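Chain by chain, the residues run as shown.
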Amino acid sequence: MRGTILIVEDNQLLRDSLTYNLRKQGYTVLSAASGEEGLEKARREKPELMIIDIGLPGVDGLEVCRMVQAQSKTPVIFLTARGEETDRIVGLEIGADDYVTKPFSMGELLARVRAVLRRTRALAAGLPTAEVIRARDITIDQSTHQVAIGDRQVALPPKGYELLRLLAANAGRVVDRQAILDAVWGEDFFGDPKTLDVHIHWLRQKIEPDPHEPQYILTVRGVGYRFPPQ
Ligand code: CA
């Protein structure tokens, strides 16, 4: 799932190049050439992530970040030309999620964007950022995407993996259908909600000893699904 990114950068060449490269990756990109414009667009468009140049004329990047984060938890990646340690520390203290020092490679920035979005989406979905999730006798290694039941390795397709990870991380709690669709398929999911039932069915075939009497993926009728408490 791709999201909306707002770039605040006064250097037109860099702004255009970032816009082009992020769009190529499928993100919706908005841009602003000044802090004032950035603040206005942030308020109006509520981007999922902001990339902010620290050195802006007028309201500088740090101030933009402070003002945005006073109202929302929008993650921020700073672009800094200065590279001095103090700038970095100040940047991170005021709640930036990451920064890159100019000049940087586009590949490096894209990797940071992916990492920050992954982290913030995981937190929003109630997923732990810990590497390994353990629930009952299921172990999910988030770094290798390996799933084991007891000591048996189970190969799951990507959506099955995401579903199990979400439910196991919330063991004992009901996760409602919309929250599952948002977390696994993305907020831009417009498909048939029955898709979820189909994937749950496949997941049960893979992990349940008896898919007709599930022990791991329990249905909470009319609401969603629940992994049993520990
Ligand atoms: Ca600048």
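So, here is what we can say about the structure in this document. Just so we're clear, the structure is a prediction, and the values are computed from it rather than from any experiment.

1. Section: the nonpolar core
Consideration 1: Counting residues in hydrophobic clusters, the biggest one holds 28 residues, and the most contacted among them are Ile138, Leu164, Ile180, Ile207, Ile217 and Phe227.
Consideration 2: Elements that contribute at least two residues to this core include exactly strand E6 (132–135), strand E7 (138–141), strand E8 (146–149), helix H6 (158–169), helix H7 (177–185) and helix H8 (194–207).
Consideration 3: Sorting elements by how many residues they give to this core places H6 first, with 7 residues.
Consideration 4: For Ile217, the contacting residues outside a window of four places in its chain are Leu164, Leu167, Ile200, Leu203, Arg204, Ile207, Glu208, Tyr225, Arg226 and Phe227.

2. Here's the deal with the coordination of the calcium ion
Consideration 1: Taken together, Asp10 (OD), Asp53 (OD) and Gly55 (O) make up the protein donors of the calcium ion, found 2.2 to 2.4 Å from the metal.
Consideration 2: Of note, the donors binding the calcium ion are all from one chain and are spaced D-x42-D-x1-G. Placement of Asp10 in the loop between strand E1 (4–8) and helix H1 (12–24) and of Gly55 in the loop between strand E3 (49–53) and helix H3 (61–69) is noted, with a sequence separation of 45 residues between them.
Consideration 3: Classification of Gly55 as partly exposed rests on a relative accessible area of 38%.

3. Some points on unusual backbone geometry
Consideration 1: Going from Lys102 to Pro103, the amide bond is cis rather than trans, its omega being -5°.
Consideration 2: Looking at the element boundaries, Pro103 is found in the loop between strand E5 (98–101) and helix H5 (106–124).
Consideration 3: Backbone geometry at Arg136 places phi at a positive 50°, although glycine is not the residue there.

4. Here's the deal with the pattern of salt bridges
Consideration 1: Summed over all chains, the structure comprises 10 salt bridges.
Consideration 2: Two residues, Arg112 and Asp98, come together in a salt bridge whose shortest N-O distance is 3.0 Å. Pair noted here: Arg112 is in helix H5 and Asp98 is in strand E5, with a separation of 14 residues, a long-range link.
Consideration 3: Judged by its relative accessible area of 17%, Asp98 is buried.
Consideration 4: For Arg165, the salt bridge is made with Glu162, and the minimal N-O distance between the two is 2.9 Å. Within this pair, Arg165 and its partner Glu162 are both found in helix H6, separated by 3 residues, close to a single helical turn.
Consideration 5: Classification of Arg165 as buried rests on a relative accessible area of 15%.
Consideration 6: Here the residues in one salt-bridge network are Glu9, Asp53 and Lys102, joined through shared partners.

So, how was this worked out
Here, residues in each chain are numbered from 1, in the same order as that chain's written sequence. Predicted model: local features are reported for residues with pLDDT of at least 70 only, side-chain atom pairs are reported and counted for 80 or more only, and whole-chain, interface and lining totals are derived from all residues. Based on all heavy atoms of the structure, the side-chain values leave hydrogens and waters out of the count. In this text, buried Ala, Val, Leu, Ile, Met, Phe, Trp, Tyr and Cys residues form a nonpolar core when linked through side-chain atoms within 4.5 Å. For the exposure calls, accessible area comes from a 1.4 Å probe over protein chains only, and a residue counts as buried if that area is under 20% of its type's maximum, exposed if over 50%, partly exposed in between. Labels follow the DSSP assignment, with helices taken as runs of H or I lasting at least four residues and strands as runs of E lasting at least two, numbered in each case from the N terminus. Here, two residues are considered to be in contact whenever any of their heavy atoms come within 4.5 Å of each other. The rule for donors is simple: an N, O or S atom within 2.8 Å of the metal counts, and for Na, K and Ca the reach is 3.2 Å. Water is not among the atoms, so a site may look short of donors. Take a side-chain nitrogen of Lys or Arg and a carboxyl oxygen of Asp or Glu: if they are within 4 Å of each other, that pair is a salt bridge.

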